[in-house]
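Summary of the model geometry
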Protein chains: 4
Amino acid sequence: MTTNEMWGGRFAQGPAAIMEEINASIDFDRRLYAQDIAASKVHAAMLAERGIISQADAAAISGGLDTIKAEIDQGKFTFSRKLEDIHMNVEARLKELIGDAAGRLHTARSRNDQLATDFRLWVRDAIDSLDARLVAFQRALVAKAATHAATVMPGFTHLQTAQPITFGHHLLAYVEMAARDRARFASTRACTNDSPLGSAALAGTSFPLDRDATARGLGFMRPMRNSLDGVSARDFALEFLSACAIMATHLSRLAEEIVLWSSPAFKFITLSDAFSTGSSIMPQKRNPDAAELVRAKCARVTGSLVTLLGVMKALPLAYAKDMQEDKEAVFDAADSVALALAAMTGMIGDLKVNEIAMRRVAGEGYSTATDIADWIVRVLKKPFREAHHITGRIVAMAEARGCGLADLTLKELQSVEPGIIADIQSVLSLDASVASRTSFGGTAPDRVREQVRYWQEQLK
Amino acid sequence: MTTNEMWGGRFAQGPAAIMEEINASIDFDRRLYAQDIAASKVHAAMLAERGIISQADAAAISGGLDTIKAEIDQGKFTFSRKLEDIHMNVEARLKELIGDAAGRLHTARSRNDQLATDFRLWVRDAIDSLDARLVAFQRALVAKAATHAATVMPGFTHLQTAQPITFGHHLLAYVEMAARDRARFASTRACTNDSPLGSAALAGTSFPLDRDATARGLGFMRPMRNSLDGVSARDFALEFLSACAIMATHLSRLAEEIVLWSSPAFKFITLSDAFSTGSSIMPQKRNPDAAELVRAKCARVTGSLVTLLGVMKALPLAYAKDMQEDKEAVFDAADSVALALAAMTGMIGDLKVNEIAMRRVAGEGYSTATDIADWIVRVLKKPFREAHHITGRIVAMAEARGCGLADLTLKELQSVEPGIIADIQSVLSLDASVASRTSFGGTAPDRVREQVRYWQEQLK
Amino acid sequence: MTTNEMWGGRFAQGPAAIMEEINASIDFDRRLYAQDIAASKVHAAMLAERGIISQADAAAISGGLDTIKAEIDQGKFTFSRKLEDIHMNVEARLKELIGDAAGRLHTARSRNDQLATDFRLWVRDAIDSLDARLVAFQRALVAKAATHAATVMPGFTHLQTAQPITFGHHLLAYVEMAARDRARFASTRACTNDSPLGSAALAGTSFPLDRDATARGLGFMRPMRNSLDGVSARDFALEFLSACAIMATHLSRLAEEIVLWSSPAFKFITLSDAFSTGSSIMPQKRNPDAAELVRAKCARVTGSLVTLLGVMKALPLAYAKDMQEDKEAVFDAADSVALALAAMTGMIGDLKVNEIAMRRVAGEGYSTATDIADWIVRVLKKPFREAHHITGRIVAMAEARGCGLADLTLKELQSVEPGIIADIQSVLSLDASVASRTSFGGTAPDRVREQVRYWQEQLK
Amino acid sequence: MTTNEMWGGRFAQGPAAIMEEINASIDFDRRLYAQDIAASKVHAAMLAERGIISQADAAAISGGLDTIKAEIDQGKFTFSRKLEDIHMNVEARLKELIGDAAGRLHTARSRNDQLATDFRLWVRDAIDSLDARLVAFQRALVAKAATHAATVMPGFTHLQTAQPITFGHHLLAYVEMAARDRARFASTRACTNDSPLGSAALAGTSFPLDRDATARGLGFMRPMRNSLDGVSARDFALEFLSACAIMATHLSRLAEEIVLWSSPAFKFITLSDAFSTGSSIMPQKRNPDAAELVRAKCARVTGSLVTLLGVMKALPLAYAKDMQEDKEAVFDAADSVALALAAMTGMIGDLKVNEIAMRRVAGEGYSTATDIADWIVRVLKKPFREAHHITGRIVAMAEARGCGLADLTLKELQSVEPGIIADIQSVLSLDASVASRTSFGGTAPDRVREQVRYWQEQLK
């Protein structure tokens, strides 16, 4: 296998071919076309408004850009690597369509501020799309939580049964995480939503621009206050990647749980056919491939964040070509989390719960031991540490007898601590334990239902 | 060299020693002592208020905790690895000081929510400290920018001279970045500032807690709505690390520029003795060690972020011991950026500018070529692309003559484009070029001074 | 809380204090003392041999260095931050001990090549220590595998039961990984084991050094061929961190399995008391804290690798102060994996296997379905894809009957595929399935025992 | 902009569409086709040899696979996402071509070992391609170093002039790094070059395979010893990514230097037109875009490494779908470094050196001060530390006079140290300094030429 076969024949021998290969960005920055055209239209309108170009030229430019937008939308546009990037591809086509007026579009502008503008618009759009997907994810969780507000499952620490909780309560924890993810994207949107347009190459321009007008026209909050910063800042992209990576950790945690819960050792849930892959030989098998891939995407998004943090490290102002590596990292992360959210929303919506298996494991491991200790504190007024110690001896007794805590007789309990009365037995069952956790945010079904209502209201 | 020598003799052979080595966290989580004690005091007061413990016990606990705080402040406290972590070290000492009442402090609480509370308080304090350092950094930049609002320097793209700018303008770009860093920390503070206290082990508790009161008492915005989320969430720490890492990229960019500017090839600035390391053999040498270390810290903070993203990936709810790795990553990142900010603030405040060297390089590379093109568009009303082309020919002529653009005669200019008039010569000097960039955010000294005033106002 | 309290009071206000704080490395590079002293002794002996210093001076230097080594070994040496690093701390003390002759030690040497030498020696020692730990880990695995060569457990894919395997076979997979980890460390050792000593600051020196002699004296393979490379290379450290990170993924996979296997849902194993943390309230609880921490360390080591890759990126030759960040990353990673190996070796050695639980899950999910398909191919000579299809129908029948594959009668089997004969029933049991996997590397107990013997021989 | 527009319309609403989107790998794993087909041919031949399938079937399979290979080579093959991956795409087409015999190919094999085999073959091929590129890179460096063995340039530490060196010496440092990169890839090749084929799904198989034969047939060293390890190991891919990332740090260091050297502040080199991007407006401008992109790729490759380390962390044996994320990370890294090597080789080969600018900066900063100190040690027999001190005073005198060291008179020198004689002046010039560094690996032109010859021999 020769080198060229290996790399798909794209690397020719000559310097020109290598340079085009490493330099051209059109293969990926074409995704910015809608933003690029929108920004150009606003820029041209402002130039005309300020008398920098004629209204007639502005109209021709606008019409030509609309045509190009339609051509790309419909897949009829031929992108050229020779023209390097989306900006030059669009401008070259514009010249074909409207002639010399096309050459006036780039007045008082540079590819540096043009690209920064396009990319901010794209990230802003991506955030809005992701927010909608996060809402859908939250709704799926809340709906399932409503059904299972009182379904008992083991609450794990260290993957050991610690205390019984409800499945609805567990799912709502992810609704909270998603809410913070949404807040993070909202902050990132605010960081992104300032306009670099008018920064020109790096120093601003001598043309009498109306930067407020172009900012407003593109839905930005305000023009950026420093032109060097306008073209060289990529912290909005880094913040976006961070928000994606953090959200991805949340999705990966749920993905891990889905993999565990659907394994034969747990059997807590059954994934729908749609979100499992089967095997013709083992028809009962439901491999949680989608959950595994969501779990893996978390690492992938971290990789993209590391890439861009590394690219931006120690880069002198204002523009350096290194920054061309920003887009693939952002696109790949946005695609990965969008897909992961869709898959996770589907999995949650479709999964079936095996209440019996959940309850069985919830009952193992003396999971109501804390309830005994708390009862001793509350009723017998012992210090917690002492109650803790007494409980330890009760559990040891149950273990020695090979029975559960609820199986111990009052006499047996009293042999450890004479003050114990029959009332204690009310806290030994799983349902009683769960129902007793009534502190705000606790797992008591009424509390869970309260939170379900809160979220249903929020997500209307 | 034996294994034990290699590792400093800390790894004994026995399982117990290995387990203590890997398990104990007191060597680093002792940094949480002030937060741990503050949270315990508020918790005890609330327990008494709700009648869960007596007022007398609460008073004894409070007094004992004050004593412990003073002991640690004064370096008189003996931390024990046997007691594993800060929580047990404090509680054990409390028992020595006040006896059995100490055993009532842990009522309706678990180390899981206690630690989450302490850690959030610590991160909140760290953010407040960092914000103060960011303000100091901004002030140093603005003060230097005020002095150099009209000092001409080369504006680089690709580290090639592109257009002349002013040094003040360049410095203000970093003020903008720092402002966004502050906004990021403010968002992170909001994400951090909810109270997990009362989540108990993971399920909430049956004691009639007043979670609003403890939240209020510790300055939190509100109690967290889900107890599982309360103990298992670490996105606040991830967001903090992200904000640190992004800020560190900004500092590393300035650090890189300081290294470049102080090299003999540039000679743009001279660092003060305080922020250089010398050499007894080369007394004129001023190695920019501090800047280099700031540059490197950026990678280190990225490393910490990667660590915690990796730790949290795919971790099932609620608590897992993996999460003990959260603190060292956060402490190290916070220390690194605090130190980097202090060093950078010092370097900026002290540095001397070599205006002659800056101006010399600013004048190289036909850096006012864009001004010609803009003049042609503005005065001769040619399309930008055509003006661009004419300018190219003018620059080629200057290059052929071996002179600068300002050295070309009107006749020579007219030989390329007959429409050119004497007025064009007004745009060919560095000062004229800089002064012409009057668009909002541009590098014109008046614009720079306007921004200096804006920031002086903001940073009052 | 003031800033100074927050950061432990170490950051004073003055530039000098900040500079010392960021610049001094003695807090961590003191770990190089043994290597630093060994290298200095060899250097001094060579200088004397070449007549560059006198034999008397060399003897005084050597004696003084021995004294310092003993002082540090015994904890009697006072390190000074003012003296910045280990090199200056040692040299200053040497001067106290032997006077002016100390000033001759640094002839034809620079801190740049001195540090590079020390650090390579340290990494080489660390590799040797880690290799010994890897051997211990392999031995623990092989010993346990020998006991469980025929213990049936479920072989998982996607955490779903796929085919029965043996626990011994499973453990031996980790022996293979560890063998490759050892090979990686051996490669890294070779990469590390060249001598930079004699590179001086960066350009070599005019003194008639014998670089072969110092290389030999320190156990290096050869002197490095390029002095710039000698002081600026850190790929040996990056390769070491990579080897640590890759090994850590292996340990984390086993750690994850230990967490799963010891959870109540699986109950495959019981960790020893020594490697569990208990709870006084739930005495049966055995939290696998050590395994969780091993799992987390994997992310931490990745963080260290990312740190150093980021530090070294785009660093011009030869030495830059950024490179001072290399040591903490390497020390932390080495400590983390050394500890993780020790803990894992202990856990494997001590764990108890619950054969009944393993066998139960191994029998679920029609895990011998592949055996049916293979039997049909082998005996009935059908193409595999057709056999696969027939098996699917057999499994569906068992599922419909609610029974296992071994419970189907011959008649029932023949109703799906008339060619089936009684012989097929010999492949339906777990033990028969496992025993049949006799291909080289397969899970058949005889094959597993063969591998156990192979490794016992290798690890003698 | 709706969600679907944003993501290019690929995400349909239905679960099936989401699942296909996340699950299918054919869009990227098609790059494995040559390896997949080669492995299938060897597998089929072995099956026939062992009598597991007929020779006629094996011949039909082999012929069909050849046809498919040709179809894909020629771009005539239609890949289907419904068929998920390269394996099923090939097998489905094989069935179309040769009918039922195609169904016998998968006997005693699983996609798990098939994929592991294909991927190892691909990585092995990639290593061989990269090694060839590394050799070309080394040759370009050595050729340039031969021309510039005596070209004086400043040797930098901290980007401050430290001592004069030669450009040839500097370039040879990268030849050394590349040599170690090649050694790393050779180690990785050895780690990769074991055969997992025959591991089947995870447990081995009951068919009487000849794993030695298939290993041999595919050029592997040996069959892997453990079937679980065979399908679950990805350390070869991690090691490959590490080797790529470490090499990328080397390329990024040289890229940084090229950016610096070609900036107007340095003017040390001129890149060829082929490897610069120009500007029609500033025709003299030569933006080092290719170097900047090489510099950035380093971060990108680190990102890929982080991705796969994160994916593999804590993954239980044997196969999990997460591992599907291995390929894109590896492909992207391999493409990035292949391209970076090609671009760097081209840049080095073409660049022009500006000897005057190099020499000018080399002479700044009293760069021969160390030579004075060494002379004092050598001739006056003073201890190095004392010589160091005397030199400091000489440099201070030159600085005070505003002259270079070579401009000081003997009398002036003797006013600092009376023992100094005229001979010292022989060490004060740049050329004398460089020529004196004759220690092995030093920068003396003869030493550099010696190394050039060594490498010319090695790279024949």
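Refer to the structure printed above.
What this report covers is the structure whose coordinates are included nearby. Fair warning: this is a prediction, and the values are worked out from it, not measured in the lab. (Residues numbered from 1 in each chain as written. Chains lettered and ligands numbered in written order. Predicted model: local features only at pLDDT ≥ 70, side-chain atom pairs only at ≥ 80, totals over all residues. Heavy atoms only, no water.)

**Quick word on the interface of chain C and chain D**
Note the threshold: Residue contacts are counted whenever heavy atoms from the two residues lie within 4.5 Å of one another. Using a 1.4 Å probe, buried area is obtained as the accessible area two parts lose upon being combined, added over both of them. The term polar contact refers here to a pair of N or O atoms within 3.5 Å; inside protein, the definition further demands a hydrogen-donor-capable atom paired with an acceptor-capable atom, and it admits residues adjacent in sequence only when both atoms are side-chain atoms. Under the scheme applied, nonpolar residues are Ala, Val, Leu, Ile, Met, Phe, Trp, Tyr, Cys and Pro; charged residues are Asp, Glu, Lys and Arg; polar residues are all the others, including Gly.
Between chain C and chain D, the residue contacts involve 96 residues of the former and 96 residues of the latter. With both sides pooled, the region where chain C packs onto chain D buries about 8,100 Å², and carbon together with sulfur makes up 58% of that total. When the buried surface of chain C facing chain D is broken down by residue, R225, R253 and L317 of chain C rank first, second and third, together holding 11% of it. Our count for the chain C to chain D interface comes out at 54 residue pairs in polar contact (both at pLDDT 80 or more). Class assignment of the residues belonging to the side of chain C that touches chain D gives a composition of 43 nonpolar, 30 polar and 23 charged.

**What about the relation of the copies chain B and chain D?**
Think of it as a corkscrew move, a rotation about one axis and a shift along it, taking one chain copy to the other. Going by this rule: A residue counts toward the fit only if its pLDDT is at least 70 in both copies, and the copies are then superposed by least squares on the C-alpha atoms of those residues.
When chain B is fitted to chain D, the best match, at an RMSD of 0.1 Å, comes from turning it 180 degrees and sliding it 0.1 Å along the axis. What the rotation and shift describe, once combined, is the action of a two-fold rotation axis. Of the C-alpha atoms belonging to chain B, the one lying closest to the rotation axis is found on A265 of chain B, 2.7 Å away. Taken together, the interface assignments show that 100% of the residues at the interface of chain B recur at the interface of chain D, consistent with an identical surface on both copies.

**Some thoughts on the pattern of salt bridges**
Charged atoms that come close allow side chains of opposite charge to pair. Rules: Throughout this description, the term salt bridge denotes a Lys or Arg side-chain nitrogen within 4 Å of a carboxyl oxygen of Asp or Glu. A run of H or I in DSSP becomes a helix once it reaches four residues, and a run of E becomes a strand once it reaches two; helices and strands are each numbered from the N terminus. Relative accessible area decides the class of each residue, using a 1.4 Å probe on protein chains only: under 20% of the type maximum gives buried, over 50% gives exposed, and in between gives partly exposed.
Enumeration over the complete set of coordinates arrives at 168 salt bridges over all chains. We note a salt bridge from R184 of chain A to D235 of chain B, for which the minimum N-O separation is 2.8 Å. Placement of R184 of chain A in helix α8 (residues 167-192) and of D235 of chain B in helix α11 (residues 235-261) is noted, with the two residues assigned to different chains. For the pair R184 of chain A and D235 of chain B, a shared accessibility class is recorded, and that class is buried. Taking the shortest distance from any N to any O, the salt bridge between D446 of chain C and R449 of chain C comes out at 3.1 Å. In this pair, D446 of chain C and R449 of chain C are both assigned in helix α19 (residues 445-458), three residues apart and thus about one turn of the helix distant. According to the relative accessible area criterion, R449 of chain C is partly exposed, its value standing at 36%. Within the structure, one salt-bridge network assembled from shared partners comprises R180, D181 and R184 of chain A together with D229, D235 and E239 of chain B.

**Topic: the side chain of R120 of chain C**
As a reminder, the rule being used: All tallies of charge rest on Lys and Arg as positive and Asp and Glu as negative; His and the ends of each chain are not included.
The residue R120 of chain C is located in helix α7 (residues 111-147) in this model. One buried charge, R120 of chain C, has no salt-bridge partner; the nearest side chain with opposite charge is D235 of chain C, at 5.0 Å.

**Focus on the relation of the copies chain C and chain D**
After a rotation of 180 degrees and a shift along the axis of 0.0 Å, chain C superposes on chain D with an RMSD of 0.0 Å. Interface overlap between copies is the fraction of interface residues in one copy that are interface residues in the other; for chain C against chain D it reaches 100%, indicating a shared surface.

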